[in-house]
Amino acid sequence: MNFVPIFAPHLYAAVIEGETDEYNKFIEFLSDTEQLVEYFNENQDVLKYYNISVEDAIDKTVDLAIGLSDYIEQNKNNLDLIFEPLKKFRGEHVLHKMKFKSDWLRVYAIKVESHYYIITGGAIKQSQKMPDHVGTEKQLSNLTKVRDYLVEQRKVNGRSTISRIKKWNTKN
């Protein structure tokens with residue numbers, strides 16, 4: 001596993017499989033109309049709930065993706081304002097699972113420390129609970145993989161975590 005800067009020094013993305021990081025994989029998916037047609041055709045039952053056609057869902061998703069990227073970039077120095085805990089918790093926790101919501105789009109990340117995040121992926125969330133939909137279930141797994149990896153590699157050490165990730169990336 002590797003981590004690449006998206007908006008250094010505050011935002012990184014995990015490279016879990018292949019060579020492309022999870023943030024850019026998600027953005028590429030949201031920009032690929034062929035993949036979106038396939039996705040929404042497979043999930044038409046959920047679109048009925050929204051009372052929206054496949055074509056309109058694709059248009060909406062592409063528009064949301066552009067806004068999502070812009071919003072993250074505009075807030076890259078204050079990410080604590082846009083990411084929220086995946087589950088409610090008390091206090092400040094290291095390596096907490098977080099999410100950013102933009103309508104039905106989600107970006108998932110691990111909060112390394114205040115204002116520092118590692119994106120683990122994204123999904124079109126169309127179910128109440130993450131395990132109830134294949135796309136969000138995979139993202140829940142990615143969150144756990146990245147968190148466990150950081151713990152195993154002992155990359156968690158208060159304020160030095162991001163610098164440790166940078167050093168580790170240059171060695172591999």
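Analysis parameters
Residues numbered from 1 in each chain as written. Predicted model: local features only at pLDDT ≥ 70, side-chain atom pairs only at ≥ 80, totals over all residues. Heavy atoms only, no water. Helix = DSSP H or I, 4+ residues; strand = E, 2+ residues; numbered from the N terminus. Buried < 20%, exposed > 50% of the residue type's maximum accessible area, 1.4 Å probe, protein only. Lys, Arg positive; Asp, Glu negative; His and termini not counted. Salt bridge = Lys/Arg side-chain N within 4 Å of Asp/Glu carboxyl O. Polar contact = N/O pair within 3.5 Å; in protein donor to acceptor, adjacent residues only side chain to side chain. Patch = residues over 30% accessible without salt bridge, like charges linked within 9 Å, V, L, I, M, F, W, Y side chains within 5 Å. Areas by Shrake-Rupley, 256 points an atom, 1.4 Å probe, with all protein chains shown as cover. Charge placed at Lys NZ, Arg CZ, Asp CG, Glu CD. Axes fitted to C-alpha atoms, helices over the stretch in contact; angles between N-to-C directions. Parallel < 35°, antiparallel > 145°, perpendicular 65-115°, else oblique. Left-handed = near helix turned anticlockwise from the far one by under 90°. Contact = heavy atoms within 4.5 Å. Nonpolar A, V, L, I, M, F, W, Y, C, P; charged D, E, K, R; others polar. Pairing = 2+ DSSP bridges.

### Overview of the side chain of Arg106
Piece 1. Of note, Arg106 is situated in strand E5 (residues 105-113).
Piece 2. Although Arg106 is buried, it makes no salt bridge; Asp103 carries the closest opposite charge, 6.7 Å away.
Piece 3. Polar contacts involving the side chain of Arg106 include one to the main-chain carbonyl oxygen of Asp103, which spans 2.6 Å.

### Thoughts on a negative patch on the surface
Piece 1. A grouping of Glu55, Asp56, Asp59 and Asp63 is seen on the molecular surface, where their side chains present a negatively charged patch.
Piece 2. For Glu55, the location among the structural elements is in helix H4 (residues 54-74).

### Concerning the packing of helix H2 (residues 33-42) against H4
Piece 1. Running from N to C, H2 and H4 point in directions that differ by 130°, and their axes come no closer than 10 Å. In terms of their interaxial angle, H2 and H4 are classed as oblique. Read as a crossing pair, H2 and H4 show a hand that is right-handed. The segment H2 lies against H4, with Thr33, Leu36, Val37, Phe40 and Asn41 engaging Val54, Ala57, Ile58, Thr61 and Val62.
Piece 2. Class assignment for the residues of the contact of H2 with H4 results in seven nonpolar, three polar and no charged.

### Quick look at the sheet that holds strand E3 (residues 84-85)
Piece 1. Ordered in space as E1-E2-E6-E5-E4-E3, the six strands form an open sheet in which the pairing is mixed. Each of the sheet's edge strands pairs with one partner strand only, and the pair in question is strand E1 (2-7) and E3.
Piece 2. As defined by bridge partners, strand E2 (residues 11-15) adjoins strand E6 (residues 116-124) across three bridges and the pair is classed as parallel. Across the sheet, Tyr12 pairs through a bridge with Ile118, a residue of E6.
Piece 3. The strands that H4 touches are E1, E2, strand E4 (96-102), E5 and E6; relative to E5, the one it contacts most, it runs at about 20°.

### A word on unusual backbone geometry
Piece 1. Residue Ala8 is joined to Pro9 through a cis peptide bond whose omega torsion reads 5°.
Piece 2. Within the secondary structure, Pro9 is located in the loop between E1 and E2.
Piece 3. With a phi close to 55°, Asn51 is a non-glycine residue in the positive phi region.
Piece 4. With respect to the helices and strands, the residue Asn51 is situated in the loop between helix H3 (44-50) and H4.
Piece 5. Of note in this structure, Asp103 is not a glycine but carries a positive phi near 60°.
Piece 6. With respect to the element layout, Asp103 can be found in the loop between E4 and E5.

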